[in-house]
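Listed below are the residues making up each chain.
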Number of protein chains: 4
Amino acid sequence: MGDEAREHCGLFGVYNHPDAVRLTYLGLFSLQHRGEESAGIVASDGRTMTRHVGMGMVHEVFTPENLSALTGSLAIGHTRYSTTGSSRVQNAQPLQVDFSRGSVAIAHNGNLINALLLRDELEAHGSIFQTTIDSEVVLHLLADPRYGRFEAGLVDTLTQLKGAFSLLILREDALIGVRDPNGFRPLCIGRIGEGWVLASESCALDLIGAQFVREVEPGEVVIIDRSGLRSIKPFPKTPLSHCIFEHVYFARPDSVVFGESVHQVRRSLGRMLAREHPVEADVVIAIPDSGNSAALGYSQESGIPLDIGITRNHYVGRTFIQPRQRARDFQVRVKFNPVRSVLAGKRVVVVDDSIVRGTTCRARLKSIREAGAKEIHMRVSCPPIRHPCFYGIDFPTRKELIANTHSLEEIRSYLEVDSLGYLSIEGLLKAVNGRGGDYCTACYSGKYPLDFGSEADKYILERKFAGEAHPPGTPPPDYSKPAKLRT
Amino acid sequence: MGDEAREHCGLFGVYNHPDAVRLTYLGLFSLQHRGEESAGIVASDGRTMTRHVGMGMVHEVFTPENLSALTGSLAIGHTRYSTTGSSRVQNAQPLQVDFSRGSVAIAHNGNLINALLLRDELEAHGSIFQTTIDSEVVLHLLADPRYGRFEAGLVDTLTQLKGAFSLLILREDALIGVRDPNGFRPLCIGRIGEGWVLASESCALDLIGAQFVREVEPGEVVIIDRSGLRSIKPFPKTPLSHCIFEHVYFARPDSVVFGESVHQVRRSLGRMLAREHPVEADVVIAIPDSGNSAALGYSQESGIPLDIGITRNHYVGRTFIQPRQRARDFQVRVKFNPVRSVLAGKRVVVVDDSIVRGTTCRARLKSIREAGAKEIHMRVSCPPIRHPCFYGIDFPTRKELIANTHSLEEIRSYLEVDSLGYLSIEGLLKAVNGRGGDYCTACYSGKYPLDFGSEADKYILERKFAGEAHPPGTPPPDYSKPAKLRT
Amino acid sequence: MGDEAREHCGLFGVYNHPDAVRLTYLGLFSLQHRGEESAGIVASDGRTMTRHVGMGMVHEVFTPENLSALTGSLAIGHTRYSTTGSSRVQNAQPLQVDFSRGSVAIAHNGNLINALLLRDELEAHGSIFQTTIDSEVVLHLLADPRYGRFEAGLVDTLTQLKGAFSLLILREDALIGVRDPNGFRPLCIGRIGEGWVLASESCALDLIGAQFVREVEPGEVVIIDRSGLRSIKPFPKTPLSHCIFEHVYFARPDSVVFGESVHQVRRSLGRMLAREHPVEADVVIAIPDSGNSAALGYSQESGIPLDIGITRNHYVGRTFIQPRQRARDFQVRVKFNPVRSVLAGKRVVVVDDSIVRGTTCRARLKSIREAGAKEIHMRVSCPPIRHPCFYGIDFPTRKELIANTHSLEEIRSYLEVDSLGYLSIEGLLKAVNGRGGDYCTACYSGKYPLDFGSEADKYILERKFAGEAHPPGTPPPDYSKPAKLRT
Amino acid sequence: MGDEAREHCGLFGVYNHPDAVRLTYLGLFSLQHRGEESAGIVASDGRTMTRHVGMGMVHEVFTPENLSALTGSLAIGHTRYSTTGSSRVQNAQPLQVDFSRGSVAIAHNGNLINALLLRDELEAHGSIFQTTIDSEVVLHLLADPRYGRFEAGLVDTLTQLKGAFSLLILREDALIGVRDPNGFRPLCIGRIGEGWVLASESCALDLIGAQFVREVEPGEVVIIDRSGLRSIKPFPKTPLSHCIFEHVYFARPDSVVFGESVHQVRRSLGRMLAREHPVEADVVIAIPDSGNSAALGYSQESGIPLDIGITRNHYVGRTFIQPRQRARDFQVRVKFNPVRSVLAGKRVVVVDDSIVRGTTCRARLKSIREAGAKEIHMRVSCPPIRHPCFYGIDFPTRKELIANTHSLEEIRSYLEVDSLGYLSIEGLLKAVNGRGGDYCTACYSGKYPLDFGSEADKYILERKFAGEAHPPGTPPPDYSKPAKLRT
């Protein structure tokens, strides 16, 4: 899949470390792959919070100056990707507000499927909204003055939420981590010295030298404060539905998520793929780096030697000036260059992790063909993506998903390859150590694990996603007048 | 006074002009002197609002790119100065929010003396606050769902406000201008083509070629929409208390405010000053440009010839690198250089508009003495500033006001001048065409025109201002827990 | 004239001061009006030179970082304006090179009329040129290996130069100041502690607190090194021809140049103007700030009261975004706003220092008329500018000089004023204390003080200036193939 | 070796293409790995040259604006790395000058060992130098007026040069490519449409879709002008000495240099390494990406399975803010993270291309050990680097080369590995298809292929390199007074 899909959000929080802000900065840095659009940190010195957020990547948003202005031994941070429409700095997380009982900040990974409903209700009671993101709803709920203690309001608030949510909540003197009962998105716990760390992926713990303790459990609320870490489980028991796409593409291969090494799962996917779609060939190559692990597995299972058929240019940044002609293909070329001596005259198995729109894949395969490959056998280490994700993965709209609108043979023909093999859903689930039942595969199967409750819900949801799919540069969807749309 | 005090806010709004955003940008540009800290614009295309705000001056905050992203024929803009503590981009105006009946944006010039009280009440009912500025309170009040029509809520909201407020309120399809019943801050109405303009000062109309229509009256609410401009007056009748300091220092000399030409008022102040504090001298010079108009009046009344004794370097910007030694005096020198041939051996009358801390004034007078002046007679075209302003002027704290802590003779001695004359309050009020009773002179007299209602009010107010006076770089005051302080 | 013409260059050098680099930075800052296009400093620590130059104004080119990288107690600096064609960083001064006897840096104010001839000769002997500026020729001459001691080469080099040149030359351990024998451009000497300063104008000495010693004399070479300051006069005696335009427009009013206070000379110009062109009127106003001194003189001589009829917006920077329509006039409006109450119904004398193209002047007068002036009498404190300057002032080409192509009546009509009066050449020269014979008035009279030697010279010179007048954005003139043009 | 050594220069030129400037920009982009310090382009439209150079990477130096200002269908570009001392924009290439016969620009990859000698001679004849780079010497030689035709001067100039030089020379209407007779550095020829391309590596041709034609031969001068491409060979026959380090580390794996695929050579190096240093182990891993090809070869030859034991973070940029403690190791961690599940409890063969200082390698190995590796066997696909390179590779000084100062056992102990194996020189040369005799191995063997002529030469050379090794931030070496040093 390479760069076609983009990830949603990364979370990182620290409790009780003198260098909490800088550790959070580093943690975000290693979660950069989960969101390049905006980044932010809120810190607390026990009494007062300071905040800095901005558009761009972590190293763009933060400078030594603005990092120094964030003080305290507690901090939470967020990296974010979102569709263009709401790409504005107001929407950068963590959000931080003042309310009757003090200050609170929040960072969210996932998607609330009842956010619009909750928002409408809150607005009907006089709430005003300064952003268009789900998390602001959570803050309004938490601030309800009827709750005496914060914790009471917390439980009540969380049980109103529906959807995918890994959350970090910062109080002046406490750090709270939440994972929804389905366990859609990952969140893990680490220790560093006397302090605690919460992170979306374990690779962020590695970077700062923190020890991995365990994952936050699905449905668990972890409260870390002066009295240490304690855990509450306010949600009713729910079947698990981990996002399989974290293993397929999102998470970094050096992370452990949902209890397994991402690299090892991906290698298993490659092995399954070799069993399901064997072929006579001379060489197996990966689309670097997204296909690396699966290509290794395919080669090991099939016995066809692995080679480096494409190199990747690491200098590619965002500010690249294009030549006058040849738009799209060029972006591929500047990033990937085939190694002619590996490909010329060969029957080549090309392994990648997924295909979304198909355009980028096609361009890469074209350059492999131009480098002299005699046969190309495309192998994809997940099933065809046919359905939108309502739980936090930013796929393009249905119409843009090539597997939603084209048959396998049409895709093969479009990619101009000699054969095409996708891993089956069964194969996919086998690769995760037989715990297949714990995973959400809605983007492949269309079976959404979460009860939508009523048709209204789903309608609102689709409206929300439709709204997001407006063209770049246009104003964000106007969520403020939902009544008219709902009739 | 030169640069010691800094102005609060400038407002500019356009209704129904195809180039509304760019006109607003230009309007803000000509109101830059009212606030250099942050700037912002919210535009509406009739259905949707777009917003851009940022820290810095107008030409720094806006680029051709971000201006183009603001679309519509309605817009309001804001330039802002504030004390350091709350210098953060969250506090930049206009604020814009979504609520149950749509979107609304607001820009505020002035200061609400009951903002903290209102905020506490709102928080007690569950409101959450993302900024520390007064105007957010207004938005929460406007959003109260009990109001059926927006206009009903508007009147109800405005009558809850206490203090100085010129406001611009933007709806999707309407522009509203408000001036508090005391008329503390200016606001005027202009026409350009088929469109309407609202601006803090008339100089902003001149720049864009708009025709001056009239000022918004004290206590008037001007609603501009499809049906044209209509006016409501929801406030009880109140004695006027225009801010005299707008004439003394704030407003641009080419503006008309409170019905009079600022330049002409300042020249009259100079004439009054010559009558109250005559002196034998060879030459009258101004501290440029703040003392220009008054020096002209002094020279005309006294018959002592005017000359250019100090030149001003227009290149001075904010990024100037200082030499290793000689901090404060140097800043004066780089900006103002005496003309030795005008001063050497002369008895010099030096005219400026005001003295706040006295340090800058002293440094300038020192350089005049070093250029050879035989005698220096300092003349100030307003009375000694002895009291804080609670209505929107950002004076330093009481202790820093030289006239609060020193006698006139002590000030004269500190400035090292042969004589020192301040204009009297009576002289000041005479200069405004005999309408002296309509002006607030609290910073000179300590007589605050607005009823504080209870001691509690004033206590909260002083707390608020005390809070603002924290040292640069420290976190903003924590307004979220007022209960503890009030006991 | 306001902003139409732009000045050429400012020079500043320091010998033997621990803070030499920072003083030079400050000196350049106060000479910013002599050139906004590029700036640069070369420093020497006695053995090694370090250099930083860049495009832009002094505060843009220098940062605390790059200033710190310049080390030593000797430094020279340069600010520069030039026509667009050669606006490239390669041409930023000071130039610095290595040659057989060490390093040398140079900064130049003026224009060599035989630069192309010398360049052709040098290229014919194998020299290569990396810039298109005159000063590189000087460096090549200085480097001639036939000179045993640097000083011998210096005298020989300088006597080959023809034209206007105030020069600063930096060696590892010496600072040299040169003024051409005609004394076209100013250069003065100051002392600060144990150190020496050389500067284009005395205002730069004021800023850093240096004492004015004297001007470098026309034809004098001042060598400052370990043994102190010594002076040689290698040039044959020549009649003086100071640039009168330094007094009329270029120099800062707080400077002393050619032995006289610039402000006082300008006031005398205003007095002369009142005598030559009296008029019945109600008020005298200046175009700020260029006409301030002359307007004061006009008012004093005529008895017509001075007033402030136009205010200037000090915030105008370079990055201003224009509205969609109304290009040129707008630039005037954003910078200058008339004060209606001063002008309405009045007969107004408007005083400015000069008129170049006439377009800006016309726009300003138009806004004065629109503010209600009943009559406008334009008074210009110098004669009509009809001829190009070959000695360092960057006037536009002949065709663009309004007084070259239009009669006085045509100009009056173009400006739409009731009367127009220029100061006469005789009046101009009287204002400089009867030393009129010492001044160059070529831009008014067409009488060029410097012998061109042969028609060839003048031809080359005009070619050079023609070359400079190419449109912005086009490549610089190709000086590399002069042979073809000379036939 | 990863990032320890940094490459010198990349060259790219285009003759006769309407989009020459943009193609050159792209070409430089794909040669970014050969130099990240500065970049530049000179273009010619047949008559006039335009130039833009700057410090930084290609995408930092060029903007759409400055690219558009470069016009013409001929262009040459350069990317550069150099030691800190001469990191100044004056030294950015291509250089461009005017001389008696027009303009000429030059871009250089390599190092002239007699540059200082030539410079001294030229200065003695009056030449002045504005940079401290070798190529300026070439320009002075080319400009010698005794040469009637440019081509005559070209041949004469080139035969005076001693050392490593691949050159691009641009005239108004011609593009010239030169490779020194030893063939130290690569240079190849491509075609695109009607145009010609010259590039350091073939990967740059791939990016722009140009066809690879052939390499410029060692000692060949290729002149491309209106009459097409012609070739002259002005140098006496010399044994070849291609830089083996281009294959080991410098060149991109997808390039063909010196007639062979870089990836394939590197894989062969890995195979040779497996034969020379076999070991019992469970897994082979590469230091990504520098060790990828060799690790593949090692695995294939040894039969030990390859796995992905380290992942690389592609987001690492230059502006990364470090945590307060743990400097060096941290830089490694942020870029590379071990995959615990691959390494824990395993006997691991780690393959990298080279070891320079050893510090980075040590840190990486440490993190592999911490991830649980039971045994670590370090394998390096080239011999120990013990000697400086005088032909254009920027190794650190002798003292910093770990293999120069430590025995193999000491290195093994420092790296804390169970075994350490370097490839032998013989193995190295075998991997390049038996053409070992054509390669320079001086950095391994100390046998410098180029006759230094006299001890003086070498002395000067070492002085030059010693000079370059001064600490960052200090002034560049003073080349201007060589006489004193030479005594």
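Scoring rules and cut-offs
- Residues numbered from 1 in each chain as written.
- Chains lettered and ligands numbered in written order.
- Predicted model: local features only at pLDDT ≥ 70, side-chain atom pairs only at ≥ 80, totals over all residues.
- Contact = placed C-beta atoms within 7 Å.
- Helix = DSSP H or I, 4+ residues; strand = E, 2+ residues; numbered from the N terminus.
- Nonpolar A, V, L, I, M, F, W, Y, C, P; charged D, E, K, R; others polar.
- Pairing = 2+ DSSP bridges.
- Axes fitted to C-alpha atoms, helices over the stretch in contact; angles between N-to-C directions.
- Domains from an automatic or database assignment.
- Least-squares fit on C-alpha atoms with pLDDT ≥ 70 in both.
- Core = buried A, V, L, I, M, F, W, Y, C linked by C-beta atoms within 7 Å.
- Buried ≥ 20, exposed ≤ 12 C-beta atoms within 10 Å, placed from the backbone.
- pLDDT = per-residue confidence, 0-100.

Colleague: Lay out the interface of chain D and chain A in plain terms, naming residues and giving numbers.
Modeller: Tallying the contact residues gives 46 residues for chain D and 47 residues for chain A. Of all elements in the fold, only α1 (20–30), α3 (64–68), α7 (202–208), α9 (262–276), α10 (292–302), α11 (327–335), β19 (336–338) and α12 (340–343) of chain D reach the threshold of two or more residues within the side of chain D that touches chain A. Here the side of chain D that touches chain A is built from residues that sort into 22 nonpolar, 16 polar and eight charged.

Colleague: Tell me about the sheet that holds strand β4 (residues 74–80) of chain D, residues and numbers included.
Modeller: Within a sheet, each strand pairs with its neighbour through backbone hydrogen bonds, oriented either parallel or antiparallel. All names here are of chain D. Here we have seven strands laid out as an open sheet, ordered β3-β2-β4-β1-β10-β9-β11, and antiparallel in their pairing. On the outer flanks of this sheet lie β3 (49–55) and β11 (211–215), each paired with one strand and no other. Sheet twist, expressed as the average angle between the axes of neighbouring strands with direction ignored, equals 15 degrees. Bridge analysis of strand β9 (residues 188–192) against strand β10 (residues 195–199) gives five bridges, and the strand direction is antiparallel.

Colleague: Before we move on, can you summarise the domain arrangement of chain A with the specific residues and values?
Modeller: Residue and element names in this part refer to chain A. Split by domain assignment, chain A resolves into domain 1 (9–238) and domain 2 (257–312 + 329–440). In this assembly, 13 residues from domain 1 lie in contact with seven residues from domain 2. A total of three residues in the side of domain 1 that touches domain 2 trace back to one element, the largest contributor, which is strand β6 (residues 102–112). Of the residues belonging to the side of domain 1 that touches domain 2, the class tally is five nonpolar, six polar and two charged.

Colleague: Mind laying out the relation of the copies chain D and chain A, listing which residues take part and the relevant values?
Modeller: By a simple turn and slide, chain D fits onto chain A: the slide is 0.0 Å along the axis, the RMSD is 0.0 Å, and the turn is 180 degrees. What we have between these two chains is a two-fold relation. Residue His314(D), judged by its C-alpha, is the member of chain D lying nearest the rotation axis, at 3.4 Å. When the interface residues of chain D are mapped onto chain A, 100% of them are again interface residues, pointing to one common binding face.

Colleague: I'd love a proper account of the nonpolar core, names of residues and values included.
Modeller: Counting residues in hydrophobic clusters, the biggest one holds 305 residues, and the most contacted among them are Ala75(B), Val350(B), Ala75(C) and Val350(C). Apart from the residues lying within four places of it in its own chain, the contact partners of Ala75(C) are Gly13(C), Val14(C), Ala20(C), Val21(C), Thr24(C), Ile41(C), Val42(C), Ala43(C) and Leu70(C). Counting 303 residues, the second-largest nonpolar core is a separate cluster that includes Leu168(A), Val137(D), Ala251(D) and Ile385(D).

Colleague: Describe the relation of the copies chain C and chain B, with residues and values.
Modeller: Least-squares fitting of chain C to chain B yields an RMSD of 0.1 Å, with the superposition described by an axial translation of 0.0 Å and a rotation of 180 degrees. Most of the interface of chain C is mirrored in chain B, where 98% of its interface residues are also at the interface.

Colleague: Mind laying out the environment of Thr131(D), listing which residues take part and the relevant values?
Modeller: Turning to its location among the elements, Thr131(D) is positioned in the loop between α4 (115–124) and α5 (134–142). Along the backbone, Thr131(D) and Gly148(D) are 17 residues apart, and their C-alpha atoms lie at a distance of 27 Å.

Colleague: Lay out the pairing of strand β9 (residues 188–192) of chain B with the relevant residues and their values.
Modeller: Residue and element names in this part refer to chain B. Linkage of β9 to strand β10 (residues 195–199), two consecutive antiparallel strands, is achieved through a turn of two residues, within which Gly193 is found at a positive phi near 55 degrees. Judged from the four bridges that link them, β9 and strand β11 (residues 211–215) form a sheet pairing that is antiparallel. Bridge pairing links Cys188 to Glu215 in β11.

Colleague: I'd love a proper account of unusual backbone geometry, names of residues and values included.
Modeller: All names here are of chain C. Across the junction of Gln93 and Pro94, the peptide omega takes the value -5 degrees, indicating a cis bond. Residue position: Pro94 is located in the loop between β4 (74–80) and β5 (95–99). Although it is not a glycine, Asn16 adopts a positive phi angle of roughly 65 degrees. By the element assignment, Asn16 lies in the loop between β1 (9–15) and α1 (20–30). Positive phi values are uncommon outside glycine, yet Phe258 reaches one of about 50 degrees. Locating Phe258 in the fold gives a position in the loop between β15 (256–257) and β16 (260–261).

Colleague: Tell me about the environment of Pro234(B), and please be specific about residues and values.
Modeller: All names here are of chain B. One can find Pro234 in the loop between β13 (228–232) and β14 (242–243). Pro234 sits 53 residues away from Pro181 along the chain, and the two C-alpha atoms are 9.2 Å apart. Filtering out sequence-adjacent residues up to four positions away, Pro234 remains in contact with Val155, Leu158, Thr159 and Val221.

Colleague: I'd like a description of the sheet that holds strand β17 (residues 283–286) of chain C, backed by residues and values.
Modeller: All names here are of chain C. Read across the open sheet, the four strands follow the order β17-β20-β21-β22; overall the sheet is parallel. In this open sheet, the two edge strands, each paired with only one partner strand, are β17 and β22 (419–422). Adjacent strand axes in the sheet meet at a mean angle of 20 degrees when their direction is disregarded. As paired elements, strand β20 (residues 347–352) and strand β21 (residues 375–380) share six bridges and run parallel to each other. By the bridge assignment for β21, Val350 is matched with Met378. Strand contacts of helix α15 (residues 408–415): β21 and β22, with the helix running at about 125 degrees to β22, the strand carrying the most contacts.

Colleague: A description of the confidence of the model for chain A should follow, citing residues and the corresponding values.
Modeller: The predicted model of chain A averages 87 in pLDDT, with 87% of residues at 70 or higher. For this predicted complex, the interface confidence score (ipTM) comes to 0.88, while the overall pTM stands at 0.86.

Colleague: Account for the interface of chain C and chain B, naming residues and giving values.
Modeller: Across the contact, 47 residues belong to chain C and 46 residues belong to chain B. Residue assignment for the side of chain C that touches chain B shows that the elements contributing at least two residues are α1, α3 (64–68), α7 (202–208), α9 (262–276), α10 (292–302), α11 (327–335), β19 (336–338) and α12 (340–343) of chain C. In terms of residue count, α1(C) provides more of the side of chain C that touches chain B than any other element does, six residues in total. Here the residues of the side of chain C that touches chain B sort into 23 nonpolar, 16 polar and eight charged.

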